[in-house]
Amino acid sequence: MKIGATIKRLRKEKGIRQIDFAKQCHISQTYLSQLENDDRNPTVDVLERISKALDIPYPVLSFLTLTAEAVPEDKRDVYKKMEKVMFGLVEDVFL
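Quantities reported herein were computed from a predicted structural model and do not represent experimental measurements.

Caption draft 1: Main features of the packing of helix 2 (residues 18–25) against helix 4 (residues 44–54). Put simply, helix 2 and helix 4 touch, their axes get as near as 9 Å, and they point 120° apart. On the basis of their axis angle, the class for helix 2 and helix 4 is oblique. Both helix 2 and helix 4 take part in a crossing whose hand is right-handed. When helix 2 is examined against helix 4, the residues Phe 21, Gln 24 and Cys 25 are found in contact with a partner set consisting of Arg 49, Ile 50, Ala 53 and Leu 54. Its residues placed into classes, the contact of helix 2 with helix 4 shows five nonpolar, one polar and one charged.

As structure tokens, then:
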């Protein structure tokens, strides 16, 4: 999953409208839409504001975007075995 799709999913799970979320993050709705559609790459500053608005630590937001393709090939089997458990724990604690 890409960062934009993760942001969109988390925002929707929290029931926040895009326009309201953009205001919370001090960015335009157009820019947020571009981020959520992975048409733009956010800066670290913007990601930190998004994380704060989602009420999760920035590293957790980054972790939630992790996909098997991002893991070195020689470690993918282990990743795939642990993926559901890892994401489940993170979501239980932070979401």
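From this point, things continue past the structure.
Caption draft 2: Up close: a nonpolar patch on the surface. Taken together, the side chains of Val 93, Phe 94 and Leu 95 define a hydrophobic patch exposed on the protein surface, amounting to about 260 Å² of accessible area. Within the secondary structure layout, Leu 95 lies in the segment after helix 6 (76–94). Leu 95 sits in the partly exposed class, given a relative accessible area of 38%.

Caption draft 3: Quick look at the environment of Lys 14. Locating Lys 14 in the fold gives a position in the loop between helix 1 (3–13) and helix 2. Given a relative accessible area of 37%, Lys 14 falls into the partly exposed group.

Caption draft 4: Inspection of the nonpolar core at higher detail. In this structure, Ile 7, Phe 21, Ile 27, Ile 50, Leu 54 and Leu 61 are the most contacted members of the largest nonpolar core, which totals 25 residues. For this core, the secondary structure elements donating two or more residues are helix 1, helix 2, helix 3 (29–36), helix 4, helix 5 (58–64) and helix 6. Tallying contributions element by element places helix 4 first for this core, with five residues. Discounting chain neighbours no more than four positions away, the residues touching Ile 27 are Ala 22, Leu 32, Leu 35, Val 46 and Arg 49.

Caption draft 5: Focus on the pattern of salt bridges. Per the stated rule, a full pass over the model turns up five salt bridges. The salt bridge involving Asp 20 is made with Arg 17; its shortest N-O contact spans 2.9 Å. For Asp 20, a relative accessible area of 31% puts it in the partly exposed group. Ionic pairing is found between Arg 49 and Asp 45, a salt bridge with its closest N-O pair at 2.6 Å.

Cut-offs applied
Residues numbered from 1 in each chain as written. Predicted model: local features only at pLDDT ≥ 70, side-chain atom pairs only at ≥ 80, totals over all residues. Heavy atoms only, no water. Axes fitted to C-alpha atoms, helices over the stretch in contact; angles between N-to-C directions. Helix = DSSP H or I, 4+ residues; strand = E, 2+ residues; numbered from the N terminus. Parallel < 35°, antiparallel > 145°, perpendicular 65-115°, else oblique. Left-handed = near helix turned anticlockwise from the far one by under 90°. Contact = heavy atoms within 4.5 Å. Nonpolar A, V, L, I, M, F, W, Y, C, P; charged D, E, K, R; others polar. Patch = residues over 30% accessible without salt bridge, like charges linked within 9 Å, V, L, I, M, F, W, Y side chains within 5 Å. Areas by Shrake-Rupley, 256 points an atom, 1.4 Å probe, with all protein chains shown as cover. Salt bridge = Lys/Arg side-chain N within 4 Å of Asp/Glu carboxyl O. Buried < 20%, exposed > 50% of the residue type's maximum accessible area, 1.4 Å probe, protein only. Core = buried A, V, L, I, M, F, W, Y, C linked by side-chain atoms within 4.5 Å.

Such coordinate-based values are descriptive only and should not be taken to indicate function.
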